[in-house]
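Fold and geometry: a report
Here's the letter readout for the chains.
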Amino acid sequence: MARKRVLITGAAGYLSRQLLPVFRERYDLVLLDRRKAHDIDGIIEVDLVNPDIDTYREYFKGVDAIVHNTRSTRSGVNTGAPRQWLKDRPLGDLEGYYVERDSLDMAYHVFRLAQEEGVTRVVTASSNHATDWYETKLHDGRMDSCDHTTYPLSDNFYGWAKIAYENLGFIFATGRFGRPVENIHIRIVVPRAVDGAKLASNQTTYKRDLAGYISERDLQQLYMKSIETPDIRNADGVPWHCFYGVSDNTRSCWSIANARQVIGYAPQDDSERVFADDIARFVTSNGRTAG
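Worth saying up front: this structure is predicted, and the values here are computed from it rather than measured. (Residues numbered from 1 in each chain as written. Predicted model: local features only at pLDDT ≥ 70, side-chain atom pairs only at ≥ 80, totals over all residues. Heavy atoms only, no water.)

Counted by the stated rule, this structure contains 20 salt bridges. The salt bridge involving Arg17 is made with Asp39; its shortest N-O contact spans 2.7 Å. Taken together, the residues Arg17 in helix H1 (residues 14–26) and Asp39 in the loop between strand S2 (28–33) and strand S3 (43–45) connect sequence positions 22 residues apart. Its relative accessible area of 45% is what places Asp39 among the partly exposed residues. With a shortest N-O distance of 3.5 Å, Arg74 and Glu95 are connected by a salt bridge. Taken together, the positions of Arg74 in the loop between strand S4 (65–68) and helix H2 (96–116) and Glu95 in the loop between S4 and H2 put the pair 21 residues apart, joining distant regions of the chain. Through salt bridges with shared partners, a single ionic network connects Asp54, Arg57, Lys61, Arg112, Glu116 and Glu117. (Salt bridge = Lys/Arg side-chain N within 4 Å of Asp/Glu carboxyl O. Helix = DSSP H or I, 4+ residues; strand = E, 2+ residues; numbered from the N terminus. Buried < 20%, exposed > 50% of the residue type's maximum accessible area, 1.4 Å probe, protein only.)

Put into structure tokens, the structure is as follows:
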């Protein structure tokens, strides 16, 4: 099989760093970021917020797939709602709207260039925050799970932006404005190790992170299968999907059934086994999530 040419935005970011080791072996890469990183070779500095997309169009030419991992940030502005299932969560910052609007503009520029330059597929880093309104219910037992059919709702601008560019991707996938752009959105939950000692004092947050954990190799697999699966048309014939990015976790309340069915996602890890020693020491209450 010929090597695909894959463009990665946010190439110096946390998620991309988990993908790069296997991606370098498997694909020919074009790496874009707002700034270069001293420890990553080959990054091209590009500001995708710039509406003059012709200034960076050249990097999208001849590309087979795009992995869109970048988002906008601003120092001192928190656009999300950390631990939004807790009563003591901080008030939101209205300036976050402008920050995340830049994120949405970047997604639009990526989809537009993909369409105009003949890129077959776009895979974006979305988030469980697209449905984070339901987390309180998931963790206190009023809901058992979220899946791809759960209506997306969020009470923060970070989640709002994820919802918005998932729907933006759907517009491009339908072909309403020209050639359809196939796209998949990965709603990543906890792409990092779960520190039981640090989280033990809050059992809900601890169990929530165990439920949402995705290992590095499962994250890599999920992205690669999202790039490589030939046919991703949904029941309406539209090549568009949202998958939750979690491992095969015993405690999970985010369904990966559609990722299994559509792209053959077969996660290898389960947080219950990966962190078994910590769980034996630090899980001190009954129940899947609620403390």
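As a further point, take empty space enclosed by the protein. For the structure shown, the criterion picks out 1 cavity of 30 Å³ or more. Empty space within the largest cavity amounts to approximately 50 Å³. Residue lining of the largest cavity: Gly10, Leu32, Asp33, Arg34, Val46, Leu48, Thr70 and Met106, and that is the complete set. (1 Å grid on protein atoms, 1.4 Å probe; cavity = no way out; pocket = protein on both sides within 12 Å on 5 of 7 lines; lining within 4 Å. Points joined across faces, edges and corners; volume = space filled by probe spheres on them.)

Here we take up the pairing of strand S7 (residues 240–245). Within S7, 6 of the 6 residues are buried, which leaves the element mostly enclosed by the surrounding structure. Burial of S7 is two-sided: the residues Trp240, Cys242 and Tyr244 facing one way and the residues His241, Phe243 and Gly245 facing the other way are all buried. Relative to S7, strand S6 (residues 182–188) is paired through 6 bridges, and the arrangement is parallel. Its bridge partner lying in S7, Ile186 is registered against Phe243. (Pairing = 2+ DSSP bridges.)

Its location among the elements puts Pro21 in helix H1. A residue is classified by how much of its surface remains accessible, and Pro21, at 45% relative accessible area, is partly exposed. Taking the C-alpha atoms as reference points, Pro21 and Gln220, separated by 199 residues in sequence, lie 9.4 Å from one another.

Time to look at the nonpolar core. Phe23, Tyr223 and Trp254 are the most contacted members of the largest nonpolar core, which totals 51 residues. Among the elements that take part in this core, helix H7 (residues 216–228) stands out by supplying 5 residues, more than any other. Those residues within four positions of Phe23 in sequence are excluded, and the remaining contacts are Ile8, Leu29, Val67, Tyr223, Met224 and Ile227. Counting residues in each nonpolar core, the second largest holds 23 residues, with Leu32, Phe60, Val63 and Phe111 among its members. (Core = buried A, V, L, I, M, F, W, Y, C linked by side-chain atoms within 4.5 Å. Contact = heavy atoms within 4.5 Å.)

Pairing within the open sheet is parallel, and its 7 strands lie in the order S3-S2-S1-S4-S5-S6-S7. The outermost strands of the open sheet, each flanked by one partner alone, are S3 and S7. Neighbour to neighbour, the strand axes of the sheet diverge by 20° on average, direction disregarded. As defined by bridge partners, S2 adjoins S3 across 3 bridges and the pair is classed as parallel. Residue pairing in the sheet places Leu31 in a bridge with Ile43 of S3. (Axes fitted to C-alpha atoms, helices over the stretch in contact; angles between N-to-C directions.)

Turning to the layout of surface pockets, a few remarks are in order. In this structure, the largest pocket spans a volume of roughly 1100 Å³. What lines the largest pocket is a set of 42 residues, and nearest its centre among them are Tyr14, Arg71, Tyr158, Pro191 and Arg192. Of all the secondary structure elements, the ones that give two or more residues to the lining of the largest pocket are H1, strand S5 (121–127), helix H4 (157–174), helix H5 (196–199) and helix H6 (203–212). A per-class count over the lining of the largest pocket returns 16 nonpolar, 15 polar and 11 charged. Volume-wise, the second largest pocket comes out at about 340 Å³. Forming the walls of the second largest pocket are 13 residues, and the residues nearest its centre are His148, Asn234, Trp240, His241 and Cys242. Here the lining of the second largest pocket is composed, by residue class, of 4 nonpolar, 6 polar and 3 charged. (Nonpolar A, V, L, I, M, F, W, Y, C, P; charged D, E, K, R; others polar.)

Just distances and angles here, no functional claims.
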